Amino acid sequence: DAKTTQPNSMESNEEEPVHLPCNHSTISGTDYIHWYRQLPSQGPEYVIHGLTSNVNNRMASLAIAEDRKSSTLILHRATLRDAAVYYCILRGSGGGADGLTFGKGTHLIIQP
Amino acid sequence: NAGVTQTPKFQVLKTGQSMTLQCAQDMNHNSMYWYRQDPGMGLRLIYYSASEGTTDKGEVPNGYNVSRLNKREFSLRLESAAPSQTSVYFCASSETGRGWGAIYFGEGSWLTVV
């Protein structure tokens, strides 16, 4: 499976935008880029996913590099409730029901 | 819309006891998953089910069995619990096993084996 690389931790201020980077240099053409987050003592929560084009939803935006070897999750205006571990994961489109392979993610700290 | 529901939320077992974790989803999803998460670690896949009637092993299946009872329900059984199985267990579901399917998780079941 293609792997992703994320910083161990990042810190940001409340009400400011946050850009969470992810490198995936061995991504294949059919891998989707998924982002999930996990708040303390909760299950992971789906945030956003995309294949080639940038994506927006009510939670965040996903910016995908033209060569697809990296991506950035953008939280437009961070709140204290966005403090969580953020996971960038590649999900292949082959057959079967392969689940997600979680790395250690980025621990996002939001300062008031 | 409840999403993915797991029971029980907390359980303490003695070594050698058995128990079943129940999971149900109301999103009409085809694929379901069981993960475990140890303190400070990422999630690891135990078993998954691509569709009703099929199950497959994930990364850490030893000591567990699963049953895909119907499209909605996917249970995880510990036949003879061991302290190494102390963990948080998450059930999840997805419309499809393919890359474009988002995965939705339950709130977790905290299991302690003493």
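Read on for an overview of the structure. (Residues numbered from 1 in each chain as written. Chains lettered and ligands numbered in written order. Predicted model: local features only at pLDDT ≥ 70, side-chain atom pairs only at ≥ 80, totals over all residues. Heavy atoms only, no water.)

**Description of the pairing of strand β3 (residues 32–38) of chain A**
All names here are of chain A.
Thinking step 1. Summarising burial for β3: 7 of the 7 residues are buried, a large majority.
Thinking step 2. Where β3 meets strand β4 (residues 45–50), 5 bridges bridge the pair, whose relative direction is antiparallel. Bridge pairing in β4 places His-34 opposite His-49.
Thinking step 3. Where β3 folds back on β4, the antiparallel hairpin that results is connected by 6 residues, among which Ser-41 adopts a positive phi of roughly 60°. (Buried < 20%, exposed > 50% of the residue type's maximum accessible area, 1.4 Å probe, protein only. Helix = DSSP H or I, 4+ residues; strand = E, 2+ residues; numbered from the N terminus. Pairing = 2+ DSSP bridges.)

**Looking at the state of the cysteines**
Residue and element names in this part refer to chain A.
Thinking step 1. Within the structure shown, the criterion is met by 2 disulfides over all chains.
Thinking step 2. The partner cysteine of Cys-22 in its disulfide is Cys-88, sulfur to sulfur 2.1 Å. Its torsion about the S-S bond being -85°, the disulfide of Cys-22 and Cys-88 is classed as left-handed. One end of the pair, Cys-22, is in strand β2 (residues 18–23); the other, Cys-88, is in strand β8 (residues 84–91), with 66 residues separating them in the sequence. (Disulfide = S-S within 2.5 Å.)

**Some thoughts on the environment of A:Gln111**
Residue and element names in this part refer to chain A.
Thinking step 1. Structurally, the position occupied by Gln-111 is in strand β9 (residues 106–111).
Thinking step 2. Exposure remark for Gln-111: the relative accessible area of 30% places this residue in the partly exposed category.
Thinking step 3. Distance in space between the C-alpha atoms of Gln-111 and Ser-12 is 6.1 Å, their sequence separation being 99 residues.
Thinking step 4. Gln-111 has contacts with Glu-11, Ser-12, Asn-13, Glu-14 and Leu-80, leaving out every residue within four places of it along the chain.
Thinking step 5. At 2.8 Å, the side chain of Gln-111 forms a polar contact with the side chain of Glu-11. (Contact = heavy atoms within 4.5 Å. Polar contact = N/O pair within 3.5 Å; in protein donor to acceptor, adjacent residues only side chain to side chain.)

**With respect to the sheet that holds strand β1 (residues 4–7) of chain B**
Residue and element names in this part refer to chain B.
Thinking step 1. Taking strand neighbours across the sheet as the criterion, the 4 strands line up as β1-β3-β8-β7 in an open arrangement whose pairing is antiparallel. This sheet does not close on itself; its edge strands, each paired only once, are β1 and β7 (64–68). Shown here is a sheet whose adjacent strand axes are inclined to one another by a mean of 15°, direction ignored.
Thinking step 2. Relative to strand β8 (residues 74–78), β7 runs antiparallel, the two sharing 5 bridges. Following the sheet pairing, Arg-68 is matched in β8 by Phe-74. (Axes fitted to C-alpha atoms, helices over the stretch in contact; angles between N-to-C directions.)

**Observations concerning the layout of surface pockets**
Thinking step 1. Computed from the structure, the largest pocket encloses a volume of approximately 540 Å³.
Thinking step 2. Surrounding the largest pocket, 24 residues form its lining, A:Gly43, A:Pro44, A:Glu45, B:Tyr104 and B:Phe105 being those nearest its centre.
Thinking step 3. Of all the elements in the fold, those that place two or more residues in the lining of the largest pocket are β4 of chain A together with β1 and β10 (103–105) of chain B.
Thinking step 4. Grouping the amino acids of the lining of the largest pocket by side-chain chemistry returns 11 nonpolar, 8 polar and 5 charged. (1 Å grid on protein atoms, 1.4 Å probe; cavity = no way out; pocket = protein on both sides within 12 Å on 5 of 7 lines; lining within 4 Å. Points joined across faces, edges and corners; volume = space filled by probe spheres on them. Nonpolar A, V, L, I, M, F, W, Y, C, P; charged D, E, K, R; others polar.)

**Details of the environment of A:Gly103**
Thinking step 1. Mapped onto the elements of the fold, A:Gly103 is located in the loop between β8 and β9.
Thinking step 2. Between the alpha carbons of A:Gly103 and A:His49 there is a distance of 17 Å; along the sequence they are 54 residues apart.
Thinking step 3. Leaving out residues up to four positions away in the same chain, A:Gly103 has contacts with A:Tyr87 and B:Gly42.

**Focus: the side chain of A:His49**
Thinking step 1. Here A:His49 lies in strand β4.
Thinking step 2. In this structure the side chain of A:His49 is engaged in a polar contact, spanning 2.6 Å, whose partner is the side chain of A:Tyr46.
Thinking step 3. Only 2.9 Å separates the side chain of A:His49 from the backbone oxygen of B:Trp100, close enough to count as a polar contact.
Thinking step 4. Excluding anything up to four places from it in sequence, A:His49 contacts A:Tyr32, A:Ile33, A:His34, A:Val55, A:Leu62, B:Gly99 and B:Trp100.

**Describing the nonpolar core**
Thinking step 1. Formed by 21 residues in total, the largest nonpolar core has its most connected members in A:Trp35, A:Leu73 and A:Tyr86.
Thinking step 2. Those elements that provide at least two residues to this core are β2, β3, β4, β6 (61–64), β7 (70–75), β8 and β9 of chain A.
Thinking step 3. For this core, the element with the most residues is β8(A), which contributes 4 residues.
Thinking step 4. For A:Tyr86, the contacting residues outside a window of four places in its chain are A:Gln6, A:Leu20, A:Trp35, A:Tyr36, A:Arg37, A:Leu73, A:Leu75, A:Gly105, A:Thr106 and A:Leu108.
Thinking step 5. If you look at the next biggest cluster of nonpolar residues, it comprises 20 residues, including B:Cys23, B:Trp34, B:Leu78 and B:Tyr89. (Core = buried A, V, L, I, M, F, W, Y, C linked by side-chain atoms within 4.5 Å.)

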